[in-house]
Amino acid sequence: MAMMISKFHKLIQSRLLWGVFLIMIVFSFVIWGMVWPSDSDDARQQNADGMLDGEPVSHPEFLAAYRSTAMARTLALGREAAATPEADALLRRLAWQRLATLRQAARMGIAATEDELVGAIRSNFVDEQGQYQRARYEAFLQNMIRPMGFTPAMFEQHLREEIAIQKLGSLIGRQARVTPLEIRRTFDTLLDSFSVEYVRVDAEEVEKEIEVSEKEARALYDEDPERFALPEQREVLVSVFPVADFLQDDEEFSEDDILDYYELHIEDYTSVEDAEDGGEPRTVVADLDDVRDTILAALRREAALLRADAAGTELALRSIPDRDGRIPDFAEEAGKAGYPARALPPFSRMDTPMDDAGPAFVAAAFELEEGAFNRVSDSVAGQDNVYVLYLSKIHPPHVPEFEEIRDRALDAARRKAVFDALSAKAQAVRDDAVAGLGSGKTFADAVASHDLQVVAPEPFTGLTGSASEDEAVQALVQSVVAYNQGEVTEPIGVSDGLLVAHVAARTPADPASFSAYRDEIASAIRQRRAQGLFMDWQAGLLAPDRFTDYQRMPYDDEAYDEDGEPEEDAPEDNTPAEDESAESL
């Protein structure tokens, strides 16, 4: 042993040997740390959500497009859309389309200027006199954008992108062409005058005579059992925390809180009054003292909602396994909280399992999984209640036996029988009308045997008929443009039955007025065609040979900050900071 130690000391004192070691170590680190070009590409693709025109798309870049697309959808609908696999697949596709379009715009040097951004904001948040109202914009940010999880800067970046996309769409749309024949046909469709008489065949009258047997229902089921397939359903236990239980009628708030609420909701306290002398209407803003009680009630309710949410969150935390692995009983914990759990019947993504349970409730239920840590939801706020859900069972999609959906099959068979009978009666009315008119009878005499009332609305054109509040006229104007004078239409669907109409007269539009409408009609056709061209061009950006979606879902939002960038080692962030936003307008 002593000899080995002695030899070791001699070895470590050799500078030549240490030099050899050093070269080997450095060379090894260089070799092992080096990423060759093909390896680099593989690494980038492994961390990408997809490939676009041969270039990888990082998760942060795609996530930003996905969030922006979701924001656009919510703003268009005025509410959160129901979460379904189909809706999410469409949203993902639209996000890719948005991302590809923005990349093309950037390559072409198309972008929004600050003046265009400011103009877009100022033009959309105006009062009745057309004056920009900063308070309206701030209220929009507070009540719409922030609850969606976006900052004002992110919303304004979304606007910049929308402006750039519109510019690109306008550039591509310039290729749209309109022929004189198209303009003339549209002119005739919109301005020819129609005098029509019609009868209505009501579904309610036909339905009285319909009886459906279980045999007929089973026969309908046997034709195509897949028609009655049940989607995935969830069974949950739910603990309900009524917001009213957490209200404190004597709760006080500071003057600053009251004033902040008043300013953020100023539209609720603004009205338009007619001038007594017949002049211009004036905008009236209620005095703060006049609405103080209303504001206090709203603040108390908001505070109660927060307390109910906190109570629900506490139950959720008590219902997951503890450090020792003990799995609590949800029903028992809910009982201890004073809000006993109750079981709900199975429901699908498209159902409303409770009166106050909206899309957020259903989405929360379908995010739960059959695992000890994933069975309990966070607290879910409804209009009047806060909910905590516990997953009891998942029912996978399946085709049920007839006995399981007997009532559904009977209802479907009945609806089919009503439709068939309604169509047959309407067709018989039409056949009699055609035959009677051909033999010289009036429309009323031709259909008299069916005991239906003949209605003759005021003559209409395509323009006036489209603006009518009469459902029948709205349906007629979309159909009669394809018929000549003296012809009888095929049955036309309305909400509660079918119409059969006779075009008593079709008066051509005044040729002298064509020049007055020509440019406007041409512009409308060109705009519609330009939109179609742009949509086709966008679809081409996602052609299979140009685009690959790696389907890296669900998104791990916890690994990214609110701008879609990694929390650590973040690349350069081009999203404007909060204090750089146009909110200061």
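Residues numbered from 1 in each chain as written. Predicted model: local features only at pLDDT ≥ 70, side-chain atom pairs only at ≥ 80, totals over all residues. Heavy atoms only, no water.

Visitor: What is the right way to read the sheet that holds strand E2 (residues 55–58) from this model?
Guide: Reading across the sheet, the 3 strands line up as E2-E1-E13 and stay open at both edges, with antiparallel pairing between neighbours. On the outer flanks of this sheet lie E2 and strand E13 (547–549), each paired with one strand and no other. Averaged over neighbouring strand pairs, the angle between their axes works out to 25 degrees when direction is ignored. Relative to E13, strand E1 (residues 48–52) runs antiparallel, the two being bridged by 3 bridges. (Pairing = 2+ DSSP bridges. Helix = DSSP H or I, 4+ residues; strand = E, 2+ residues; numbered from the N terminus. Axes fitted to C-alpha atoms, helices over the stretch in contact; angles between N-to-C directions.)

Visitor: Please clarify how helix H16 (residues 406–438) should be interpreted in this entry.
Guide: An α-helix turns once per 3.6 residues; consequently, residues spaced three or four apart project the same way. Taking 1.5 Å as the rise per residue, H16 with 33 residues should run 48 Å; its terminal C-alpha atoms sit 48 Å apart, in good agreement. The set of residues buried in H16 consists of Ala409, Leu410, Ala412, Ala413, Val418, Leu422, Ala426, Val429, Arg430, Ala433 and Gly436. Considering only its buried residues, H16 is in contact with strand E3 (193–202), helix H10 (203–207), helix H11 (214–223), helix H17 (443–446) and strand E12 (497–507). Remark: Gly440 follows H16 within two positions and exhibits a positive phi of approximately 100 degrees. (Expected span 1.5 Å × (residues − 1). Buried < 20%, exposed > 50% of the residue type's maximum accessible area, 1.4 Å probe, protein only. Contact = heavy atoms within 4.5 Å.)

Visitor: Got a minute to help me understand the pairing of E2 in this structure?
Guide: Regular strands place side chains that alternate from one sheet face to the opposite one. Of the strand pairs in this sheet, E1 and E2 are connected by 4 bridges, and their pairing is antiparallel. Residue pairing across strands places Met51 opposite Pro56, the latter belonging to E2. Here E1 folds back onto E2 in antiparallel fashion, the turn holding 2 residues, of which Asp53 has a positive phi close to 50 degrees.

Visitor: Looking at this model, I keep getting lost on the environment of Glu209. Mind explaining?
Guide: If you trace the backbone, Glu209 turns up in the loop between H10 and H11. Using a relative accessible area of 69% as the deciding quantity, one classes Glu209 as exposed. Residues Glu209 and Ala421, spaced 212 residues apart in sequence, show a C-alpha to C-alpha distance of 9.3 Å.

Visitor: It is not clear to me how the nonpolar core should be interpreted in this structure. Could you clarify?
Guide: Among soluble globular proteins, nonpolar side chains are generally buried collectively. Ranked by size, the top nonpolar core spans 17 residues in total, and within it Val238, Leu344, Phe347, Met354, Phe361, Tyr387 and Leu389 carry the most contacts. Those elements that place two or more of their residues in this core are strand E4 (233–242), helix H15 (359–367) and strand E9 (385–395). Looking at this core element by element, the count peaks at 5 residues for H15. The residues touching Phe361, leaving out its near neighbours within four places in the chain, are Val238, Leu344, Phe347, Pro353, Met354, Val380, Tyr387 and Leu389. Phe194, Val196, Val477 and Val494 belong to the second-largest nonpolar core, a separate cluster that totals 16 residues. (Core = buried A, V, L, I, M, F, W, Y, C linked by side-chain atoms within 4.5 Å.)

Visitor: It is not clear to me how the environment of Phe347 should be interpreted in this structure. Could you clarify?
Guide: On the secondary structure map, Phe347 appears in the loop between strand E7 (342–343) and H15. Overall, the relative accessible area of 2% leaves Phe347 in the buried class. Distance in space between the C-alpha atoms of Phe347 and Val236 is 9.1 Å, their sequence separation being 111 residues.

Visitor: Just checking my understanding: could you explain the sheet that holds E7 for this structure?
Guide: The pairing of strands in a sheet comes from backbone hydrogen bonds and takes either a parallel or an antiparallel form. As summarised here, the arrangement of the 4 strands in space is E7-E4-E9-E8, forming an open sheet in which the pairing is antiparallel. The sheet is open, and its two borders are formed by E7 and strand E8 (380–381), each paired with just one other strand. Two strands pair when backbone bridges link them, and E4 and E9 are joined in this way by 10 bridges, in the antiparallel orientation. Across the sheet, residue Val236 finds its bridge partner in E9, namely Leu391. Running at roughly 35 degrees to E9, helix H13 (residues 292–318) makes contact with E4, E8 and E9 of the sheet. Contacting E4, E8 and E9, H15 runs over the sheet at an angle of about 125 degrees to E4.

Visitor: Looking at this structure, how should I read the packing of aromatic side chains?
Guide: Tallied over the full model, the rule gives 18 aromatic pairs. Ring geometry for Phe62 and Tyr66: centres 6.0 Å apart, planes at 45 degrees, overall tilted. Linking Phe62 with Tyr66, this pair stays in helix H4 (residues 59–77), spanning 4 residues, or about one helical turn. The pair Phe62 / Tyr66 is uniform in exposure class, with both members buried. Where Phe347 meets Phe366, the ring centres are 6.2 Å apart and the plane angle is 75 degrees; that geometry is what we call edge-to-face. Of this pair, Phe347 sits in the loop between E7 and H15 while Phe366 sits in helix H15; the two residues are 19 residues apart in sequence, bridging distant segments of the chain. One aromatic cluster in this structure is built from Phe62, Tyr66, Trp96 and Phe547. The ring centre of Phe514 lies 3.9 Å from the NZ or CZ of Arg184, which sits over that ring. (Phe/Tyr/Trp six-rings, centres within 6.5 Å; stacked < 30°, edge-to-face > 60°. Lys NZ or Arg CZ within 6 Å of the ring centre and 35° of its normal.)

Visitor: Hey, could you run me through unusual backbone geometry in this one?
Guide: Comment: phi is negative for the bulk of residues other than glycine, and the bulk of peptide bonds are trans. The residue Asp53 is not glycine, and still its phi comes out positive at about 50 degrees. Structurally, Asp53 can be placed in the loop between E1 and E2. Take Asp53: its relative accessible area is 34%, and that puts it in the partly exposed class. The backbone phi angle of Asp451 is positive, close to 55 degrees, even though this residue is not glycine. Tracing the chain through its elements places Asp451 in the loop between H17 and strand E10 (454–455). When its relative accessible area of 72% is taken as the criterion, Asp451 is described as exposed.

Visitor: Would you take a moment to explain the pattern of salt bridges for this structure?
Guide: Opposite charge on two side chains makes pairing possible when the charged atoms of those side chains draw close. This model, assessed by the stated rule, comprises 30 salt bridges. With a closest N to O distance of 3.5 Å, Asp407 and Arg406 form a salt bridge. Take Asp407: its relative accessible area is 58%, and that puts it in the exposed class. Within the structure, one salt-bridge network assembled from shared partners comprises Glu314, Arg318, Glu332, Glu333 and Lys336. (Salt bridge = Lys/Arg side-chain N within 4 Å of Asp/Glu carboxyl O.)

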